[in-house]
Amino acid sequence: MIKQTFYAFKILLLCLYVLIGKPIFAQELDSLKKLPALQEMRQPKIDVKHIALDLSFDWQKKQTFGTATLTLSVLNDAPIVALDAAKMTIKSVKIGQGKSLKFDYEGGEKDENLKIYLDKTYKHTENILLNIEYHTLHINEPDPNSLGGSTGKGLRFFQPTFTEPRKRRQIWSMAEGESNRYWFPCHDVLTDFRTTELKATVDKNLTVISNGNLIKIQENPNNTRTFHWKMVQPYANYQTSIVVGEYVEIKQEVNLNSAHNPQSPNPKNTEGVLSLRTYAYPDEVEATKASIVQLPEMLRFFYEKTGIKYPYPSYSQVFVQDLPWGMWNTSTSTLTENMVDDYGTHADYLYLWDDLAAEALAVQWFGSLITPADWQHNWLNRAFARYFSGLYDEYKNGRQEYISFPHQWDINTYLFDWNNGHRRPIVTNNFTDKTAFISDNYGIFRGAAVLHTLRQELGEEKWWKAIRYYTRKHAQKSVTTDDFIKAIEATTGEKIGWFFDQWVYKMGHPIFDITKKYDAENKQLLLVIKQVQKQDTTNAYPQVQYFKGKMAIEIDDKIETIWIESIAEKTYIFNCSQEPKLVHFDYETAWIKELKFEKSLAELLYQFQHDKDIMGRRSAMQAIAAIFKKETSTADEKAKIHEAFRKVLSSNVYWRFKFMSFPVYQGLLAAKQPVVLDKITSDFLISAIKNEKAWVRNAAINCLSITNDPQYADLYIGYLNDSSDRVINAAAIALGKTKSPKAFDALAQLKDKPSWKNQSLISTLYALKELQDPRGVDIALAALKDSPAAPRWTLAVPVWDFRIAAAETLVALGKNTEGYPIVAERFKKSLEENDVNDIFNNVLIISILADPRGQAVFDELKIKYKDDVPILNAVNQFEQQFKEHVGTK
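These lines cover the structure that appears in this document, whether it is placed above or below. (Residues numbered from 1 in each chain as written. Predicted model: local features only at pLDDT ≥ 70, side-chain atom pairs only at ≥ 80, totals over all residues. Heavy atoms only, no water.)

Our focus in this paragraph is helix 26 (residues 836–849). With 14 residues, helix 26 should reach 20 Å at 1.5 Å per residue; the first-to-last C-alpha distance of 20 Å fits that figure. For helix 26, a buried count of 14 out of 14 residues is recorded, marking the element as mostly surrounded by other parts of the structure. Sitting at the amino-terminal end of helix 26 is Asp835, which places a side-chain oxygen 3.1 Å from the backbone nitrogen of Asn837. Immediately beyond the C-terminal end of helix 26, within one or two residues, lies Ala850, with a positive phi of roughly 55 degrees. (Helix = DSSP H or I, 4+ residues; strand = E, 2+ residues; numbered from the N terminus. Expected span 1.5 Å × (residues − 1). Buried < 20%, exposed > 50% of the residue type's maximum accessible area, 1.4 Å probe, protein only. Polar contact = N/O pair within 3.5 Å; in protein donor to acceptor, adjacent residues only side chain to side chain.)

Right, here's the structure in full:
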């Protein structure tokens, strides 16, 4: 299966990237786009009290056979009950276990498509027990446009295949939105809370995980087991889940009575001690333990900050394949298996994967305990969970880590969408695709960034007072954004509706143009702040003309707070005994914004080296690099910039800022070819390689490697034994670039070095791609074959997909035609098995290999999927990549 190879590298790099969009001018526009259709809040007609599911599975047909027993009442006296049941066969409906009832089932996916005619008119005070026997028809196929993982609707089924013999036998549900109706008849209304129990019968080697507590495991005589889960606290339908697979349970405990230590100081005292259960793959138990170390502390943190104890009797989390991130359900979370790393790898990636674990856990408060009343308010779930994971990151790893990683990720993701034309308010009931609306970036990343702005607007004391009031008042209830506004106003005494109007109910962000002048005579700094954003006249959503709110300005060593007014331009005056060396607008990036603030090279160099806010340093660094690359820059200016980079990168500035800075510095060093480093620079880089954290050492090796100098071969070979695979990867590729006679033997040895998910092999292949030694062909072909008889690296389960690296290496060595028959055979088998993931995993590699024979693959797929538009789009995209690669050969 295509794992997102070095997935976290891409995430970290994107955090360095801020897109600057082009303004949209009215004269370029043809017409105003209409708002999407108005989505009315669904009004419930019934009240489901309890639902009990009894399930079994046909793995070959990817179908679920079940009985759903619903206890419900009608809200108005009625002889008919309507439920939601997507793409099923309804075999029978009975009152309890007795009389059969007539029903009409329309099929399809619409609301209330299963109409049940009751045996009489029931009053709203009477409970009705319905027993529905059914089996599913919908097959939840993966999305070939997202080979790093996809969700779909209903249940996903997985089994080993010819292409992926390591694929695990597994079932998991996609619950968010209205996807549960694809695997059991239900009432998909957010405000209808009910209790559940789930029984599922599976083969004896499999485990079932669902909501609540595991009541019983029944051993059956036919080599199967039946798991019985029960959730006694009511919750929303969309948070019901199931996972089936081979798992080992790992138990942790957290003492909610301990004020400072999340681990129980007295194991015999079980009062207030909560059980945490993580379900690990049997071959990844130790790695899973390494990946969940912080879970008890996360739970304790959320309890302390919200003022509400974890609301359920236990918490479970389970790892699954082919899921891009995570899905959060009441009392249980389903998370991507990519989160599981051994101790060394997790130490490198904890800033990423611990954010996932924290986000999933935060949903137990914001999403389960407090549920949005309607999908337009889904940000009260997703954005809150995202932001609270960031708050835990800030608590655990420091303010600089939060500001420079998750917060910047949130802002950059939003700006990427905005500059690519995806624009809407966070809260709106005008949308077309409900599933897309629920999961899009506005309700998650922009929402989290707005919550941070709100926190800065209110201040710490008022922010946390409001949060605790909100969680306490609305626990076990459905909420709207207005409920959150009222909670803030009730606790702070301030009217805050204006804030939500501009950041939540309307779309857009400010674009500031800043100029400054120092009045030496009056000893005053004059700061002219202009808002130059334009209205998007193609978009019918409500927009903000000018923004207002508190803004922090850094002036040398002082932080001044000003009030930005909702006007086009205003001048602010600050008393300064001397001209400031540093003026930084929006300290710690509290606002979503774009900014133009021209400064001299001297000012930028000072800010780069002295700003207390590393994001201020980052903006100065980017401006300095742009100056360096100008044709008009002088040798003296370039020398000063080089010196500034060396000073900053040798200082004790936060490690992530160094990691951000090294690639920029590398670009400056590579500006003149061939790259020849002076002794000061090479010594500085070698010192960083020896002394810094793993990610910085990785970046420093990358920087040194642009010399392609074989004199550093021994240095790189030494770091092939580093404790961090991030450093090993950089050292291997750097070694390949040297073309040293020592390189091949060292790399051939590296490929067999034990590593988590075959990182050693991946590093070897990318290094051989650089080395261009023809002996690398055999290693690349063996990796591409990936057969049971292949070398021992295939024993690691699962793997990061080294076959992509193998294909790229064969292309670099001019032997792509030797690799094509291997992949073509796998492609043929994947068509026979009709596994969409396998088909397109092979297509991806075929597009990389760019053997002209591969055109037949795309011709065949265009016929096979001619009536399936999404899959056909994926075929066309891969074909375009294939043709581009063929054209470059």
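What follows covers the pattern of salt bridges. A complete count under the given rule lists 60 salt bridges for this structure. A salt bridge links Asp752 to Lys751; the shortest N-O distance between them is 3.0 Å. Among the ionic pairs, Lys815 bridges to Glu818, the shortest N-O distance being 3.8 Å. Take Lys815: its relative accessible area is 33%, and that puts it in the partly exposed class. (Salt bridge = Lys/Arg side-chain N within 4 Å of Asp/Glu carboxyl O.)

Attention now goes to the sheet that holds strand 28 (residues 594–597). An order of 26-23-22-28 is seen for the four strands of this open sheet, with the pairing classed as mixed. Whereas interior strands pair on both sides, the edge strands pair on one side only; in this sheet they are strand 26 (569–575) and strand 28. On average, each strand axis in the sheet is inclined to that of its neighbour by 25 degrees, with strand direction left out of account. Relative to strand 28, strand 22 (residues 511–519) runs parallel, the two being bridged by four bridges. (Pairing = 2+ DSSP bridges. Axes fitted to C-alpha atoms, helices over the stretch in contact; angles between N-to-C directions.)

Across all of its chains, the model carries 52 aromatic pairs by this definition. On the basis of an interplanar angle of 70 degrees and a centroid distance of 5.8 Å, the ring pair of Tyr310 and Trp365 is categorised as edge-to-face. With Tyr310 in the loop between helix 3 (295–306) and strand 17 (314–320) and Trp365 in the loop between helix 4 (343–362) and strand 20 (370–372), this pair connects stretches of sequence that are 55 residues apart. Like Trp365, Tyr310 is buried. Residue placement shows Lys120 over the ring face of Tyr122; its charged tip is 4.9 Å from the ring centre. (Phe/Tyr/Trp six-rings, centres within 6.5 Å; stacked < 30°, edge-to-face > 60°. Lys NZ or Arg CZ within 6 Å of the ring centre and 35° of its normal.)

Contact pair helix 25 (residues 816–833) / helix 26: the axes reach a minimum separation of 9 Å and the direction vectors enclose 160 degrees. Relative to helix 26, helix 25 is oriented roughly antiparallel. Where helix 25 crosses over helix 26, the handedness of that crossing is left-handed. Taken together, the residues of helix 26 that come into contact with helix 25 (itself represented by Asn816, Gly819, Tyr820, Val823, Arg826, Phe827, Ser830, Leu831 and Glu833) are Asp838, Ile839, Asn842, Val843, Ile845, Ile846 and Leu849. Its residues assigned to classes, the contact of helix 25 with helix 26 shows nine nonpolar, four polar and three charged. (Parallel < 35°, antiparallel > 145°, perpendicular 65-115°, else oblique. Left-handed = near helix turned anticlockwise from the far one by under 90°. Contact = heavy atoms within 4.5 Å. Nonpolar A, V, L, I, M, F, W, Y, C, P; charged D, E, K, R; others polar.)

In this section: the environment of Pro79. Here Pro79 is to be found in strand 3 (residues 78–83). The residues contacting Pro79, other than those within four sequence positions of it, are Ile116, Tyr117, Leu118, Lys120 and Thr121.

So, on to helix 17 (residues 679–691). For helix 17, spanning 13 residues, the distance from its first C-alpha to its last is 18 Å, which sits close to the expected 18 Å at 1.5 Å a residue. Of the positions making up helix 17, those classed as buried are Thr681, Ser682, Phe684, Leu685, Ile686, Ala688 and Ile689. Considering only its buried residues, helix 17 is in contact with helix 15 (635–650), helix 16 (655–669), helix 18 (694–705) and helix 19 (713–718). With a side-chain oxygen lying 3.3 Å from the backbone nitrogen of Ile680, the N-terminal cap of helix 17 falls on Asp678.

Mapped onto the secondary structure, Asp613 falls in the loop between helix 13 (601–610) and helix 14 (614–629). The exposure class assigned to Asp613 is buried, which follows from its relative accessible area of 2%. Between the C-alpha atoms of Asp613 and Ala373, which are 240 residues apart in sequence, the distance is 39 Å. Residues within four places of Asp613 in sequence aside, it is in contact with Ile403, Glu554, His584, Asp586, Tyr587, Glu588 and Thr589. One polar contact links the side chain of Asp613 to the main-chain amide nitrogen of Met615, over a distance of 3.0 Å.

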